[in-house]
Amino acid sequence: MNGSETFLAGAVTTALALLCLAFLTTVYRVVRGPTLPDRIVALDMLVAVALGFIAVIGIRSGITLYVDVAIALGLVGFLATVAFARFVLSRGSYREKNAAEGETAPRNPEVKL
Amino acid sequence: MTAIASKAVQVTSLAAIFLKELVVSSVAVARSVLGAKGSSSSAIVAVPIGLRTAAGVTTLANCVSLTPGTTSLHVSEDMSTLYIHVLDAPSTDEIIASIKEKFEARIKEIEA
Amino acid sequence: MTDIITNYLTGILLVIGAAFALVASVGLLRLPEFYTRMHAASKAGTLGACVMLIAVAVYTDDTAVASRALAGVVFFLMTAPISAHLLAKAAYAAGYPLWEGSVHDEMPPRGSHQKE
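If you're wondering where the values come from, they're calculated on a predicted model, not measured in any experiment. (Residues numbered from 1 in each chain as written. Chains lettered and ligands numbered in written order. Predicted model: local features only at pLDDT ≥ 70, side-chain atom pairs only at ≥ 80, totals over all residues. Heavy atoms only, no water.)

Trainee: Help me understand the overall build of chain B in this model?
Mentor: When helices and strands are counted, chain B shows 3 helices and 3 strands. Principal-axis analysis of the C-alpha atoms places the extent of chain B at approximately 55 × 30 × 20 Å. Taken across its 112 residues, chain B has 48% of its residues classed as buried. Across chain B, every contact between residues at least 6 apart in sequence was considered, and the portion connecting residues at least 24 apart equals 70%. Accessible surface, chain B: about 5,200 Å² in total, of which carbon and sulfur atoms supply 64%. For chain B, the separation between the mean place of its 9 positive charges and that of its 10 negative charges on side chains is 6 Å. (Helix = DSSP H or I, 4+ residues; strand = E, 2+ residues; numbered from the N terminus. Buried < 20%, exposed > 50% of the residue type's maximum accessible area, 1.4 Å probe, protein only. Contact = heavy atoms within 4.5 Å. Areas by Shrake-Rupley, 256 points an atom, 1.4 Å probe, with all protein chains shown as cover. Lys, Arg positive; Asp, Glu negative; His and termini not counted. Charge placed at Lys NZ, Arg CZ, Asp CG, Glu CD.)

Trainee: Just to check I follow, could you spell out the overall build of chain A for this structure?
Mentor: Within chain A, the secondary structure is distributed over 4 helices and 0 strands. N-terminal to C-terminal, the α/β element order of chain A is α-α-α-α. For chain A, the proportion of its 113 residues judged to be buried stands at 42%. A sequence separation of at least 24 residues applies to 45% of the contacts in chain A between residues at least 6 apart. Accessible surface, chain A as shown: approximately 5,900 Å² in total, 67% of it carbon and sulfur.

Trainee: Would you mind going over the confidence of the model for chain B with me for this structure?
Mentor: Detailed reading of the predicted model is not advised wherever pLDDT is low. Residue-level pLDDT values for chain B average 77, and 91% of them are 70 or greater. Among the prediction metrics, the complex's ipTM stands at 0.81, with pTM recorded as 0.81. (pLDDT = per-residue confidence, 0-100.)

Trainee: Sorry if this is basic, but what is going on with helix H2 (residues 36–61) of chain A here?
Mentor: In an α-helix, one turn spans 3.6 residues; hence positions three or four apart end up facing the same way. Residue and element names in this part refer to chain A. A rise of 1.5 Å per residue sets the reference length of H2, with its 26 residues, at 38 Å; its end C-alpha atoms lie 37 Å apart and thus fit the reference within 8%. Buried residues dominate H2, accounting for 19 of its 26 residues. Once H2 ends, the next one or two residues include glycine 62, with phi positive near 75°. (Expected span 1.5 Å × (residues − 1).)

Trainee: Please clarify how the side chain of Ser72(B) should be interpreted in this entry.
Mentor: Structurally, Ser72(B) can be placed in strand E2 (residues 70–75). Within polar-contact distance, the side chain of Ser72(B) engages the side chain of Ser65(B) at 3.1 Å. Residue contacts for Ser72(B): discarding those within four places in its chain leaves Ala61(B), Val64(B), Ser65(B), Leu82(B), Tyr83(B), Ile84(B) and His85(C). (Polar contact = N/O pair within 3.5 Å; in protein donor to acceptor, adjacent residues only side chain to side chain.)

Trainee: For this particular structure, what's the right way to read the sheet that holds E2(B)?
Mentor: Strand pairs in the sheet, formed through backbone hydrogen bonds, run parallel or antiparallel to each other. Residue and element names in this part refer to chain B. Pairing is antiparallel in the open sheet, where 3 strands are placed in the order E1-E3-E2. Each of the sheet's edge strands pairs with one partner strand only, and the pair in question is strand E1 (43–48) and E2. Averaged over neighbouring strand pairs, the angle between their axes works out to 30° when direction is ignored. Sheet topology note: the E2/strand E3 (residues 81–86) ladder contains 5 bridges and is antiparallel. The residue bridging threonine 70 from the neighbouring strand is valine 86, located in E3. In this fold helix H3 (residues 92–111) packs onto E1, E2 and E3, with an angle of close to 50° to the strand it touches most, E1. (Pairing = 2+ DSSP bridges. Axes fitted to C-alpha atoms, helices over the stretch in contact; angles between N-to-C directions.)

Trainee: What is the right way to read the pattern of salt bridges from this model?
Mentor: For side chains of opposite charge, pairing can occur when their charged atoms come near one another. As enumerated under the stated definition, the model contains 2 salt bridges over all chains in all. The partner of Arg37(C) in a salt bridge is Asp38(A), and the shortest N-O contact between them spans 2.6 Å. Separated into two different chains, Arg37(C) in helix H2 (residues 34–59) and Asp38(A) in helix H2 make up a pair that spans both. Each of the two residues, Arg37(C) as well as Asp38(A), counts as buried. Among the salt bridges present, the one from Asp68(A) reaches Arg68(C), with a minimum N-O distance of 2.6 Å. Taken together, the residues Asp68(A) in helix H3 (residues 66–91) and Arg68(C) in helix H3 (residues 63–93) connect one chain to another. (Salt bridge = Lys/Arg side-chain N within 4 Å of Asp/Glu carboxyl O.)

Trainee: Help me understand the interface of chain C and chain A, please; the structure alone is not making it clear to me.
Mentor: When the parts come together, some accessible area is lost, and that loss is often what is quoted as the size of the interface. Between chain C and chain A, the residue contacts involve 51 residues of the former and 60 residues of the latter. Summing the contributions of chain C and of chain A, the shared interface buries around 4,800 Å²; its carbon and sulfur component is 76%. For the pair chain C and chain A, the interface holds 2 salt bridges. The interface formed by chain C and chain A contains 6 residue pairs in polar contact (both at pLDDT 80 or more). (Buried area = accessible area lost by both parts, 1.4 Å probe.)

Trainee: Would you take a moment to explain the packing of helix H1 (residues 2–34) of chain B against H2(C) for this structure?
Mentor: For any two helices packed against each other, the geometry is given by the interaxial angle and the distance between the axes. The interhelical angle for the contact between H1(B) and H2(C), taken along N-to-C directions, is 125°, at an axis separation of 9 Å. As the angle between them shows, H1(B) and H2(C) are arranged oblique. Crossing hand, H1(B) versus H2(C): left-handed. Facing Leu22(B), Val23(B), Ser25(B), Ser26(B) and Val29(B) of H1(B), the residues of H2(C) in contact are His39(C), Ala40(C), Lys43(C), Ala44(C) and Leu47(C). Residues of the contact of H1(B) with H2(C), tallied by class, amount to 6 nonpolar, 3 polar and 1 charged. (Parallel < 35°, antiparallel > 145°, perpendicular 65-115°, else oblique. Left-handed = near helix turned anticlockwise from the far one by under 90°. Nonpolar A, V, L, I, M, F, W, Y, C, P; charged D, E, K, R; others polar.)

Trainee: What is the right way to read the environment of Val67(A) from this model?
Mentor: As for its placement among the helices and strands, Val67(A) is situated in helix H3. Under the relative-accessibility criterion, Val67(A) is labelled buried at 4%.

Here's what the structure looks like:
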């Protein structure tokens, strides 16, 4: 094993460690909230972290098919976030439920996405 | 033929600037994240835009979202105003000027 | 010789990408509210994932794999701001408030701006 291969192996280990930390902090935000959009942003971030994991594992194992997995995961993550954004809208007003401002908030059916 | 070539050059230069801005912006976000807490003063700013096509507005909104401290929030129905959320807004005029100069001028050239 | 350069470049890109992913998640943890957290996730997070996919493109010998990895990068760069925009717009329309550190809000009140 020459110097550059040792360096790559070390870099792979470092990257995996950093990604693990990133994964844990993001999961903490998903659990903690406090609001629905916070959780959705954190889930979106989890997809990015998972893409990183897939890239590292693809390099480490030499199985390049992982790239296709990464592309598919990116697509699914994007669609999930779009669907969640729709859900935030259709669930209705945050103020209506949380503050007694007496404001009559419309449920915004006319918002075009 | 030269028209196509000059358009290609314009698109390439926009893409290059975009990539540079993406890196700069990530570093800026990193700095504001790792810096002192409570230093950021965020705001929603209305940016007047003068683009004619929907594709131009889409490109501008996407570029704005990936550049330092700004994320596009909403475009008015008549495509005349872009509302952006700014992470740290000491001066709104500066931000509007930098968006206009960096991206809008170039997109306008490509549109024309 | 090329192998050595490839190995070093791949390693450096992997660590940079992972560091950006970590910065983005720390941003999710530390920033005060949803709209500012979104900045961290949509910029640093995207760049982190993209840099790591570029590392795969650099590492592989197969052109087909490298081009697919770069296509993935372009796709991710195009969709990340769109999903951030949609989410922010939905949250704003649903009335999630800005935090108290916000200096101003030039957007017209909810409900009126949709019918201009």
